Amino acid sequence: METDFKPAIALDAMGGDFAPEEIIKGALLAVEENDVEIFLFGKEKIISNLLNSDDAFSRKSLSGRIKIIDAPEEINMDDSPSDVLKHKKNSPVFMGTDFASKTPGCAFISAGNTGAVMACSLINMKKIEGLLRPAIATVIPLGDKKFVLLDSGANSEIKPAYLKQFAIMGMIYSREMLKISKPRIGLLNVGSEEKKGTLSVIEGYKMIKDSGINFIGNVEGRDIFNGVADVVVTDGFTGNILLKAIEGMANFFFTEIKKVFKSNFLTKISAIMVKKDLKSMKKRFDYEEYGGALLLGINGISIISHGSSKAKAIKNAIRVAADSLRADIINKIKNEI
């Protein structure tokens, strides 16, 4: 794919805790910083009123670069994927994934119902030929280090061959998107020994080891925070629990730091002195810097953003989507699977 083309982004304007206001803000921020074309899917009247208002949403010089496509049906967070596929084909997620699948150089992004996004992406974009199961790839920031976690939610149950393909896709993502020339691949387990874990994990270990990629073996939960691996492979059930635990611990950690610095006069003075450094540290642990998680293994770019995403996260999700299109990551996965 040519590096000078203009990526198109189909964006679910109605999905997420802060939609549509923060989604629209994110779209406007994105077109300020990136040469992209954005299609907002959702209730046309609501989106149009926000884009054309005189408040903080309005950047009239930019709004012409954003198009609205009416998708009037709402998806609730408790809607099942099957209900969405059967009864909500005029929803932003179904229409947006369908649009992205039929539009060259187009990606889809949503901060809404994850199950609906996965189901609609699979139906409309299809799986890559030879790919057994797609996986959600999430970048975990660890200060100056980072790693890709997959699967972080798509597959609760796995087979050994799934783990091998997750490892390959994670390697490609790390290499192409994070610019790590030879990513180290680790298999999340309860111990470092080759015979540890369930039968599927033990057999998966053998398959990954024989695949020819840079496999470093099993990694334990405590090790991944030391930067031992660039890609951590696991099943979606374990991966999602790990992801939520990391998010919760990060929030707890920064809340406790705030309490310490507010505890007395001297600590408040200290806080003023290190305020800049604390902000810098928090940014290096901020998931919003990466915008969302790619659903790898489908024949298109589909990004699942955090449900609590605000404008900054949406802006960065659009950047990641555009970078993924420019890197031609789908064809690179096709060639190596």
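Residues numbered from 1 in each chain as written. Predicted model: local features only at pLDDT ≥ 70, side-chain atom pairs only at ≥ 80, totals over all residues. Heavy atoms only, no water.

Asker: Got a minute to help me understand the pairing of strand β8 (residues 215-219) in this structure?
Answerer: Within a regular strand, side chains alternate between the sheet's two faces. With 4 of 5 residues buried, β8 is to be regarded as a mostly interior element. Where strand β7 (residues 185-188) and β8 come together, 4 bridges link them in parallel fashion. Bridge pairing in β8 links G186 to G217. The parallel pair β7 and β8 is bridged by helix α8 (residues 199-209), and the resulting crossover is right-handed. (Buried < 20%, exposed > 50% of the residue type's maximum accessible area, 1.4 Å probe, protein only. Helix = DSSP H or I, 4+ residues; strand = E, 2+ residues; numbered from the N terminus. Pairing = 2+ DSSP bridges. Right-handed = clockwise from strand over helix to strand, strands pointing away.)

Asker: Any chance you could explain the nonpolar core here in plain terms?
Answerer: The nonpolar side chains of a soluble globular protein tend to be buried with one another. In terms of nonpolar packing, the biggest core is built from 64 residues, with L11, I38, L40, L150 and Y173 touching the most fellow members. If you tally residues by element for this core, the top one is helix α7 (residues 160-177), at 10 residues. Excluding its chain neighbours within four sequence positions, the residues that come into contact with L11 are I23, A27, I38, F39, L40, F41, I109, I314 and I318. In this structure, F41, V117, C120 and M125 belong to the second largest nonpolar core, which totals 22 residues. (Core = buried A, V, L, I, M, F, W, Y, C linked by side-chain atoms within 4.5 Å. Contact = heavy atoms within 4.5 Å.)

Asker: Can you help me understand the sheet that holds β8 in this one?
Answerer: By definition, the strands of a sheet pair up through backbone hydrogen bonds, in either a parallel or an antiparallel sense. Spatially, 11 strands are ordered β3-β2-β1-β4-β11-β10-β5-β6-β9-β7-β8 in an open sheet, and the strand pairing comes out mixed. Looking at the sheet topology across the chains shown, the edges are occupied by β3 (66-70) and β8. Strand after strand, the sheet turns through a mean of 25 degrees between neighbouring axes, direction not considered. One ladder, built from 5 bridges, connects strand β5 (residues 135-142) with strand β6 (residues 145-150); its direction is antiparallel. If you follow T138 over to β6, its bridge partner there is L149. Set on the sheet, α7 makes contact with β5, β6, β7, β9 (231-233) and β10 (293-296); between it and β9 the angle comes to about 165 degrees. (Axes fitted to C-alpha atoms, helices over the stretch in contact; angles between N-to-C directions.)

Asker: Help me understand the packing of helix α1 (residues 21-33) against helix α2 (residues 44-51) in this model?
Answerer: Helix-helix packing is described using two parameters, namely the angle between the two axes and the distance between the axes. Across the interface, α1 lies against α2 with an axial gap of 11 Å and an inter-helix angle of 55 degrees. With respect to α2, the element α1 is oriented oblique. Pair α1 / α2 crosses with right-handed handedness. In this structure, α1 contributes E21, I24 and L28 to the contact, and α2 contributes I47, L50 and L51. Here the residues of the contact of α1 with α2 are counted per class, giving 5 nonpolar, no polar and 1 charged. (Parallel < 35°, antiparallel > 145°, perpendicular 65-115°, else oblique. Left-handed = near helix turned anticlockwise from the far one by under 90°. Nonpolar A, V, L, I, M, F, W, Y, C, P; charged D, E, K, R; others polar.)

Asker: Would you take a moment to explain the packing of aromatic side chains for this structure?
Answerer: How two aromatic rings sit relative to each other is given by the distance of their centres and the angle of their planes. In this structure the tally under the stated criterion is 3 aromatic pairs. Ring plane angle 75 degrees and centroid distance 5.0 Å describe the contact between Y205 and F215, whose orientation is recorded as edge-to-face. You can see Y205 sitting in helix α8 and its partner F215 sitting in strand β8, a full 10 residues away along the chain. Judged on exposure class, the residue Y205 and its partner F215 are both buried. Aromatic rings pair up to connect F39, F41 and F99 into one cluster. When the ring centre of F18 is taken as reference, the NZ or CZ atom of K310 above it lies at 4.7 Å. (Phe/Tyr/Trp six-rings, centres within 6.5 Å; stacked < 30°, edge-to-face > 60°. Lys NZ or Arg CZ within 6 Å of the ring centre and 35° of its normal.)

Asker: I tried to follow the packing of α7 against α8 on my own but got confused; where do I start?
Answerer: Where α7 meets α8, the closest approach of the two axes is 8 Å, and the angle between their N-to-C directions is 45 degrees. Here α7 lies oblique to α8, going by the angle between them. Note on packing geometry: the crossing formed by α7 with α8 is right-handed. Two secondary-structure elements touch here, α7 through P160, A161, L163, K164 and A167 and α8 through S200, V201, E203, G204, M207 and I208. Tallied by class, the residues present in the contact of α7 with α8 amount to 7 nonpolar, 2 polar and 2 charged.

Asker: Honestly, α2 in this entry has me stumped. Any pointers?
Answerer: A turn of α-helix holds 3.6 residues, and therefore any two residues three or four places apart point the same way. All buried positions along α2 are accounted for by I47, L50 and L51. All buried residues of α2 fall inside an arc of 100 degrees around its axis, so they share one side. (Arc of directions from axis to C-beta.)

Asker: Explain unusual backbone geometry to me, please; I cannot follow it from the model alone.
Answerer: Only a minority of non-glycine residues have a phi that is not negative, and only a minority of peptide bonds are not trans. Looking along the chain, the bond that leaves A19 and enters P20 is cis, with omega of 0 degrees. Assignment of secondary structure puts P20 in the loop between β1 (8-12) and α1. In this structure, the amide linkage connecting L150 to the following residue, D151, adopts the cis form with an omega of 10 degrees. Of note in the backbone geometry, K126 takes a positive phi value of approximately 70 degrees without being a glycine. Topologically, K126 is positioned in the loop between α6 (114-125) and β5. On the basis of relative accessibility, which here comes to 48%, the residue K126 falls in the partly exposed class.

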